[in-house]
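Reading the structure
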Amino acid sequence: MAFDLKLPELGEGVTEGELIKWLVKPGDVLKPDQSVAEIMTDKATVEVPTSKAGTVKELKFKAGDVVKVDSTLLVLEENGVANSISTTKTVPSSAASTPTVGASTTMASSLSSSSVYSIKLPELGEGVTEGELVKWLVKVGDQIKADQGIAEIMTDKATVEVPSPKAGIITELKFKAGDVVKVDSQLATLQINSQNQPAISQATSHSSIQTPTKTATNMALSQNLSTGLSTSASFYPPVMESRVLATPATRRLAREMQIDINTLSGTGLAGRVTREDVMKQSSSNVKLTSEVSSLGTTVSIPKTSYQSTRAQEEERIPLKGIRKKIAENLQMAKHIIPHFTLMDEVDVTELVAWRESVKEAAEQAGTKITYLPFVMKALISTIREFPMFNASIDDAKQEIVYKKYFNIGFAADTPNGLVVPVIKNADQKNIVEISKEILDLSKRARDGKLKPDEMKGATITITNIGSVGGTYATPIINHPEVAILGMYKIQDRLFLDNKGAVKNQKIMNYTITADHRLIDGAVAARFLKAFLGRIQKPSVMMLEMQ
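First, a word on scope: everything that follows refers to the structure included in this document. (Residues numbered from 1 in each chain as written. Predicted model: local features only at pLDDT ≥ 70, side-chain atom pairs only at ≥ 80, totals over all residues. Heavy atoms only, no water.)

This part is about the side chain of N390. With respect to the helices and strands, the residue N390 is situated in the loop between α9 (371-385) and β18 (391-394). Looking at N390, its side chain comes within polar contact range of the main-chain oxygen of Y405, at 2.8 Å. Every residue in contact with N390, bar those within four places of it in the chain, is listed here: I383, V401, Y402, K403, Y405, F406, T459 and I460. (Helix = DSSP H or I, 4+ residues; strand = E, 2+ residues; numbered from the N terminus. Polar contact = N/O pair within 3.5 Å; in protein donor to acceptor, adjacent residues only side chain to side chain. Contact = heavy atoms within 4.5 Å.)

Encoded structure:
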């Protein structure tokens, strides 16, 4: 029976795509989920899989053609490949014998399943849709165990190892180092180990290795679902073990609405769960529709092109990975937030002397004291006096969110670009504890080993440009925060005291950049004055520490 494979939905607002190349040809025998073509949209290049097994009968387009969503890509002759053992290896006649004692009919029928398992890139964090393949940890032919790391993937938030959920032998690697891989794309193929399958007769053990039966899969899925929130800590949430088809945007929408996408019946092409399916599942459609509309609103930022007159003397490289995300976030922040910056200087002679006096004690405690922990404490004390600096603006609900906790982010320069680790609940930690945490986070940031959660949830950020010699800058606010504090290098300055004697003092510049929607210039000036007062007199500020 002929089956028309149509171009599925490729993302929110995408109505067509350009056929880059075919991955199959007429006469090829396909397995379910095998990629058939590469389609390029205005957002990404994706591989389109077939939802059924069969033999390719006809290709409807040629490379370079623009294909509309829901158009027939190719015609497939369903020939029972999915249920035929001959696709992998012919089973000897003895294999048809009755399984050994205890083997069920379900186990026998599992012989017909394909022995090839596709390892896909799982969800890597909230809002993460792709990652750059840093390096493979395995090669073709390697025997791997379940949960063994197979690749290092770098996102805009962290570098993580992707494990294999099953044991087996690597038969194919789908990408090379440096490639950008979309979430849910096939990373590698795996030949499932026979020893990991249910025991059957000796004769059948020499046939193709079977995958778990549908019944077993459903039981495992039900068990995963019954554990509720406990599965959220796993690298492979239940959705990754299901056969539900959905775009990353739809999966994210389901998570934000706290709806298990595995429980939905898709109404889209090939049973794909659509945005509308998620919306209908909600018990309060009107409220959720309003919230989703606000979530779906994106900032329209013009994409300008660069026209060169000397292209032969230039090199173009892709804007990707952390650098791409930095560009997007900073563009968005500048577009949304009306920034303004105030700068002032302060005498930090006492602060320098205080730091020198505690160096030895810090070393005995196993850490190194910098100025940053003290600046954090002074910042927290000042925010208690000016709570609007520890807030966010919810544009969708037209509300100001005042935060009663203090998560201080600090900008860290790394070989891969700027990242912002976060000291959580900094008000509950002393100077030594903060120092140790800063050193640990900074080292792992440079090594690309930070966890996504360690770069989330900041309520205000500090950027220390003075560590590389800067004296003044206008930092960009880390949205959705409403302010960022800048600290700069310490300089010596000579002055005359009241008796006419020449003295030396240590001078340091600070800036406060604020969101003018929430913070007025006069308020920012008073904030900076109060903060600098604490920096100038650290002994007085110590009395305020909690």
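It is worth spelling out empty space enclosed by the protein at this point. Inspection of the entire model under this criterion finds three cavities of 30 Å³ or more. By volume, the largest cavity is sized at about 90 Å³. Split by residue class, the lining of the largest cavity holds six nonpolar, four polar and three charged. (1 Å grid on protein atoms, 1.4 Å probe; cavity = no way out; pocket = protein on both sides within 12 Å on 5 of 7 lines; lining within 4 Å. Points joined across faces, edges and corners; volume = space filled by probe spheres on them. Nonpolar A, V, L, I, M, F, W, Y, C, P; charged D, E, K, R; others polar.)

Read across the open sheet, the four strands follow the order β13-β12-β10-β15; overall the sheet is antiparallel. Each edge of the open sheet carries a strand with a single partner, namely β13 (159-163) and β15 (180-182). Across the sheet, the mean angle separating the axes of adjacent strands is 45° when strand polarity is ignored. Direction of pairing for strand β12 (residues 149-154) relative to β13: antiparallel, over a ladder of five bridges. (Pairing = 2+ DSSP bridges. Axes fitted to C-alpha atoms, helices over the stretch in contact; angles between N-to-C directions.)

All right, on to the packing of aromatic side chains then. On inspection of all chains with the given rule, the structure shows five aromatic pairs. Look at W354 and F374: their rings are 5.0 Å apart centre to centre, the planes differ by 50°, and that puts the pair in the tilted class. Residue W354 is located in helix α8 (residues 349-364), and its partner F374 is located in helix α9; the two are separated by 20 residues in the primary sequence. Aromatic side chains F386 and F527 sit 5.8 Å apart centroid to centroid with 80° between the ring planes, which places their arrangement in the edge-to-face category. Of this pair, F386 sits in the loop between α9 and β18 while F527 sits in helix α11 (residues 521-536), placing them 141 residues apart in sequence. (Phe/Tyr/Trp six-rings, centres within 6.5 Å; stacked < 30°, edge-to-face > 60°.)

What follows deals with the pattern of salt bridges. Throughout the structure, instances matching the rule amount to 26 salt bridges. A salt bridge links K68 to E16, with the shortest nitrogen-to-oxygen separation between them at 2.8 Å. Here K68 is found in strand β7 (residues 66-68), whereas its partner E16 is found in strand β2 (residues 16-22), with 52 residues between them in sequence. A residue is classified by how much of its surface remains accessible, and K68, at 46% relative accessible area, is partly exposed. Exposure remark for E16: the relative accessible area of 32% places this residue in the partly exposed category. Among the ionic pairs, K60 bridges to E58, the shortest N-O distance being 3.4 Å. Residue classification places E58 among the partly exposed positions, given a relative accessible area of 38%. (Salt bridge = Lys/Arg side-chain N within 4 Å of Asp/Glu carboxyl O. Buried < 20%, exposed > 50% of the residue type's maximum accessible area, 1.4 Å probe, protein only.)

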